[in-house]
Each structure stands twice: as C-alpha cells, then as structure tokens.
Amino acid sequence: MTKTLSARSGGPVTDAVAPLDVVRAHPLCAETPTSVLPLAVTPRESVYVRSNFETPIAHGAWTLAVGGAVRAPFTLSLADIAALPMHTVLATMECAGNWRLGMDPVPTGEPWKYGAVSTTRWRGVSLAALLDRAGVHDDALEVVAVGADAGPCDDAEGEVRFERALPLEVARHPDTLVAMHMDGVPLTAHHGAPLRLLVPNWYGMASVKWLTALDVRTTPFTGYFQSKRYVYDVNGTTTPVTRALVKSMIVLPALHAETAADTVVRGWAWSGSGAIIRVDVAVNDQWHRATVGRAASAYAWTPFELSVSLPPGEVTLRSRATDASGAVQPERIAWNALGYGNNAIRPHTVRAVSGECSDGQS
Ligand SMILES: Nc1nc2c(c(=O)[nH]1)N[C@H]1C(S)=C(S)[C@@H](COP(=O)(O)O)O[C@H]1N2
Ligand SMILES: [Mo]
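Residues numbered from 1 in each chain as written. Chains lettered and ligands numbered in written order. Predicted model: local features only at pLDDT ≥ 70, side-chain atom pairs only at ≥ 80, totals over all residues. Heavy atoms only, no water.

Engineer: Please clarify how the nonpolar core should be interpreted in this entry.
Structural biologist: A general feature of soluble globular proteins is that nonpolar side chains tend to end up buried together. Counting residues in hydrophobic clusters, the biggest one holds 51 residues, and the most contacted among them are Leu-64, Val-178, Leu-197, Leu-211 and Leu-214. At four residues, helix α2 (residues 127-134) tops the list of elements feeding residues into this core. Here Leu-211 is in contact with Trp-62, Thr-63, Leu-64, Ala-145, Val-146, Val-178, Leu-195, Arg-196 and Leu-197, once residues within four sequence places are set aside. Counting residues in hydrophobic clusters, the runner-up holds 18 residues, among them Leu-310, Leu-317, Val-350 and Ala-352. (Core = buried A, V, L, I, M, F, W, Y, C linked by side-chain atoms within 4.5 Å. Buried < 20%, exposed > 50% of the residue type's maximum accessible area, 1.4 Å probe, protein only. Helix = DSSP H or I, 4+ residues; strand = E, 2+ residues; numbered from the N terminus. Contact = heavy atoms within 4.5 Å.)

Engineer: For this particular structure, what's the right way to read the layout of surface pockets?
Structural biologist: Unoccupied space between atoms shows up once a probe the size of one water molecule is rolled over them. In this structure, the largest pocket spans a volume of roughly 490 Å³. Along the wall of the largest pocket there are 25 residues; nearest its centre are Arg-24, Arg-50, Asn-52, Glu-110 and Arg-229. Elements with a minimum of two residues in the lining of the largest pocket: β10 (142-152) and α4 (224-227). The element best represented in the lining of the largest pocket is β10, accounting for three residues. Per-class residue counts for the lining of the largest pocket are 13 nonpolar, four polar and eight charged. Taken as a whole, the second largest pocket holds about 310 Å³ of empty space. Lining the second largest pocket are 14 residues, and of these Gly-102, Glu-331, Arg-332, Ile-333 and Ala-344 lie nearest its centre. (1 Å grid on protein atoms, 1.4 Å probe; cavity = no way out; pocket = protein on both sides within 12 Å on 5 of 7 lines; lining within 4 Å. Points joined across faces, edges and corners; volume = space filled by probe spheres on them. Nonpolar A, V, L, I, M, F, W, Y, C, P; charged D, E, K, R; others polar.)

Engineer: Just checking my understanding: could you explain unusual backbone geometry for this structure?
Structural biologist: Peptide bonds are mostly trans, and most non-glycine residues show a negative phi. A cis amide bond, omega 5°, links Ala-193 with the succeeding residue Pro-194. Structurally, the position occupied by Pro-194 is in the loop between β13 (185-186) and β14 (196-198). Note the cis peptide between Leu-252 and Pro-253, where omega equals -10°. On the secondary structure map, Pro-253 appears in the loop between β18 (247-252) and β19 (258-260). In the Ramachandran plot, Trp-99 falls in the positive-phi region, its phi being about 65° despite a non-glycine side chain.

Engineer: Would you take a moment to explain the sheet that holds β18 for this structure?
Structural biologist: Hydrogen bonding along the main chain pairs the strands of a sheet, whether they run parallel or antiparallel. Taken together, the four strands give an open sheet; going across it, the order is β18-β20-β24-β23, and neighbouring strands pair in antiparallel fashion. In this open sheet, the two edge strands, each paired with only one partner strand, are β18 and β23 (291-292). By the bridge criterion, two bridges tie β23 to strand β24 (residues 302-309) in an arrangement that is antiparallel. Opposite Val-292, over in β24, you have Phe-304 as the bridge partner. (Pairing = 2+ DSSP bridges.)

Engineer: Looking at this model, I keep getting lost on empty space enclosed by the protein. Mind explaining?
Structural biologist: Applying the stated rule across the entire model yields four cavities of 30 Å³ or more. Here the largest cavity is characterised by a volume of approximately 230 Å³. Around the largest cavity, the lining comprises 18 residues; the ones closest to its centre are Arg-50, Gly-204, Met-205, Ser-207 and Lys-209. Within this model, the second largest cavity holds a volume of roughly 70 Å³. Considering the residues around the second largest cavity, the lining is formed by Asn-98, Trp-99, Tyr-114, Lys-247, Ser-248, Met-249, Trp-270, Gln-329, Ala-344 and Arg-346. Top element by residues in the lining of the second largest cavity is β18. It accounts for three residues. The class makeup of the residues in the lining of the second largest cavity is five nonpolar, three polar and two charged. Shared between two domains, the lining of the second largest cavity holds at least three residues of each, these being domain 1 (7-240) and domain 2 (247-353). (Domains from an automatic or database assignment.)

Engineer: For this particular structure, what's the right way to read the packing of aromatic side chains?
Structural biologist: The description of an aromatic ring pair uses the distance of the two centres, along with the angle that the planes make with each other. Throughout the structure, instances matching the rule amount to 10 aromatic pairs. When the ring of Tyr-224 is compared with that of Phe-225, the centres are 5.0 Å apart and the planes differ by 80°; the resulting orientation is edge-to-face. By the burial criterion, Tyr-224 is buried, and Phe-225 matches it. Through a chain of ring-to-ring contacts, the aromatic side chains of Phe-53, Phe-162, Tyr-224, Phe-225, Tyr-230 and Tyr-340 assemble into a single cluster. Across from the ring centre of Tyr-114, 4.0 Å away, lies the NZ or CZ of Arg-346, which sits over that ring. (Phe/Tyr/Trp six-rings, centres within 6.5 Å; stacked < 30°, edge-to-face > 60°. Lys NZ or Arg CZ within 6 Å of the ring centre and 35° of its normal.)

Engineer: Help me understand the site of ligand 1, please; the structure alone is not making it clear to me.
Structural biologist: Taken together, 20 residues are adjacent to ligand 1, and Tyr-48, Asp-149, His-191, Arg-196 and Lys-209 come closest. In the model, an oxygen atom of ligand 1 is placed 2.7 Å from a nitrogen or oxygen of the His-191 side chain. Burial of ligand 1 by the surrounding chains reaches 100%, relative to a free accessible area of 530 Å². Because more than half of its atoms lie within 2 Å of the grid, ligand 1 is assigned to the largest cavity. (Near = heavy atom within 4 Å. Polar contact = N/O pair within 3.5 Å; in protein donor to acceptor, adjacent residues only side chain to side chain. Areas by Shrake-Rupley, 256 points an atom, 1.4 Å probe, with all protein chains shown as cover. Sits in = over half its atoms within 2 Å of the grid points.)

Engineer: Even after reading the chapter, I still don't get the pattern of salt bridges, so can you show me in this structure?
Structural biologist: Between side chains of opposite charge, a pair can form when the charged atoms approach closely. One pass over the structure, following the stated rule, counts 11 salt bridges. With a closest N to O distance of 3.8 Å, Asp-155 and Arg-229 form a salt bridge. A residue pair is termed long-range when its members are at least 10 positions apart, and Asp-155 in the loop between β10 and β11 (159-167) and Arg-229 in the loop between α4 and β16 (231-234) qualify at 74 residues. A residue is classified by how much of its surface remains accessible, and Arg-229, at 19% relative accessible area, is buried. (Salt bridge = Lys/Arg side-chain N within 4 Å of Asp/Glu carboxyl O.)

Take a look at the structure:
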C-alpha cells in the first residue's frame with residue numbers, strides 16, 4: 001500500500017459537532033441529541049459518533065486490501081469500489097456503551113447517556129461480493145476488519161490499531177456492507193470516510209470505520225478490541241459483545257417535559273436478535289400493552305405508542321420491549337466491568353398537567 005497515515009491531534013472539532021451532544025471532543029464521542037430522537041431517521045449531522053482514536057488522515061490514495069485465507073488476494077482503489085454494485089441499508093446502530101451512566105456503580109468508559117443510538121441510510125458494496133471475489137478458503141472462520149486509526153491504550157503496550165473480527169457467516173450476510181455513503185452523501189471523516197463496515201443488528205463496534213483491509217482468518221482473532229474491549233466482563237469472565245440486545249426508549253413526551261394529561265406516549269424499540277413483537281408501557285408501575293407499528297426496514301427501530309390519561313403531577317413512564325427470539329428487556333442487567341449492553345428498562349419521568357393550562361408536549 002502506498003498511503004501513510006497520521007493521527008489528527010488537537011485542532012478544532014468540525015462544524016458537524018454543533019447538532020450533537022459532545023461527551024468528549026478528542027477523540028470525538030458525541031450523542032444524538034434528545035430533541036431529534038423522535039425522528040425515524042436521524043438527521044445526518046446528528047448521527048452519534050464514537051471514535052477510540054483521533055480521526056486518521058490519509059496521505060495518498062486510499063486502498064482496501066482483501067487477503068489472508070483466500071485463493072486470490074487483491075487490492076481495490078476507491079474508484080474500483082465505487083464501480084461495483086451497491087445497495088442501501090437503513091439501519092439503527094447503537095454503541096454497546098449506550099446508557100453506561102445508568103449502571104450502578106457507573107463503570108469506567110465513556111459516560112454515555114441514552115443517545116448513542118441513531119438510524120440512518122448506509123450505501124455500499126456487499127462485503128460478501130468482495131469475499132467471493134477473493135475466494136475464501138474452506139477452513140476460514142472470521143474476517144478481521146482493519147481500521148486506519150491507532151494509538152496508545154491502557155493495559156496495552158505500544159500502539160493499538162482498531163481491528164475487529166466478524167464470524168464468516170455475518171461477514172457473508174448480503175446486508176453487511178463496505179459502505180461509502182451515509183444518508184445519500186459520502187461518509188464524513190468522523191463516520192469513517194472514505195470506507196467503513198456497516199454490520200446491521202450488531203452493536204456499533206463491529207462497523208469498523210476508516211477501513212483499509214479485510215483479513216480472512218482460520219483461527220480466532222484475539223486483538224485488543226476483540227479480547228480486552230467490547231467484551232462483557234463479569235467477575236473476570238469475558239464474553240464478546242456481538243448483537244444489540246433488545247431495547248426500547250420513550251421519546252415523547254420528552255424526558256422531564258410538561259405534557260397534557262391526555263397524551264400519546266411514543267418511542268422506539270430495536271433488537272439485533274429478532275423483530276420487535278411486543279412493547280409494554282408502564283404508567284407509575286401500571287403496565288399496558290402498547291401498539292407496535294412497522295419499522296421502516298428490517299434493521300431499523302420499530303415505533304410504538306400508547307394513548308394514556310396521566311394522573312396530574314410527576315409521572316414515571318417505562319417501556320419494555322420483547323423480540324421474536326423471546327428476549328425481553330430486563331429490570332436490571334448483570335453488571336459488567338466495562339459497562340456494555342445496558343438494555344435495562346429506563347424510567348422516564350414527565351409532568352402531567354390537566355386540561356386547559358397545558359401547552360401540550362412542548
Ligand atoms: N476504526 C474504527 N472503527 C470504529 C470505531 C473506532 O474507534 N475506530 N468505533 C466503533 C464504535 S465503538 C462504534 S459505536 C461505531 C460508531 O460509529 P459512528 O461514529 O459512525 O456512529 O464505530 C465503530 N467503528
Ligand atoms: Mo461503540
């Protein structure tokens with residue numbers, strides 16, 4: 001490969017940050033603001049960002065190398081990739097650390113509230129098509145996606161690169177993309193320009209940004225971001241973080257907002273292990289079955305709503321989603337040291353006011 005890469009250090013964060021809730025500026029970690037969470041498709045500039053290192057800058061032409069346990073390794077330019085058949089996938093993507101702040105005690109790691117989740121359109125080439133062209137060996141197990149970003153990490157020596165393995169059957173799924181576009185325009189730097197993976201149904205860490213290589217392996221990958229991070233660590237026993245756990249989020253009336261007593265509670269539910277088949281909503285501990293709508297795609301969050309008459313004053317709402325695999329959101333999760341996968345039911349308080357003096361859901 002001809003290019004060399006260096007990390008962007010310091011310097012101003014781009015304009016794209018304004019419509020995000022910044023958790024950390026360097027490297028950029030920023031949530032989708034509460035105000036746009038009611039939208040089915042997240043506005044482009046408000047799609048959450050999670051970067052472990054500064055955004056890498058390419059010197060020279062970007063290339064993607066496909067190799068490892070394959071019959072015919074090859075390297076593609078961006079123009080080569082742009083000439084291949086592409087399709088669009090509308091998908092909800094959530095960071096595995098989303099709602100870490102809701103864990104007790106709060107684990108170390110980025111202090112995410114509930115906005116590290118967005119839904120947007122990704123356009124790219126099927127990873128499967130690239131693997132087929134390379135001719136994957138029969139004994140292959142996984143595909144390691146290599147990012148251009150690297151840097152120092154706690155509990156590791158030297159520079160660590162962002163690399164993650166995907167099981168071969170997930171890598172071969174037709175909607176696992178090597179994406180070039182988000183929401184109809186080329187990827188922005190923060191979202192992985194010029195190339196990234198998009199792995200529907202999996203927590204965000206699988207969707208490797210700034211993709212430079214795909215390395216087919218016959219033995220399990222044990223890199224830093226595979227075995228030391230993005231693992232559920234319960235009393236020292238670790239299991240990898242994979243698919244997004246079933247979850248839901250009330251978005252209207254907004255958290256802490258004043259609302260008319262007669263209102264409609266609305267929200268989103270999603271899961272990486274099956275369609276959402278049921279959502280229940282509690283009003284001060286009294287559970288009701290909500291109406292589940294249609295998701296805009298098989299990988300996008302599903303709307304739910306419940307018409308209610310709230311008692312006046314402070315009201316605690318909760319939502320609980322169930323997916324087709326039978327998975328249900330728990331009241332509490334098993335605490336894990338790195339704070340991943342918090343899909344516990346989250347209390348959502350609002351203030352109900354009766355009749356005329358209300359100004360609705362504003
Ligand atoms: N190369 C690289 N890819 C990466 C990351 C990273 O730090 N470096 N972060 C991952 C994590 S943890 C998440 S949640 C998603 C976030 O993608 P986004 O910033 O486009 O929302 O990117 C994933 N891909
Ligand atoms: Mo993440």
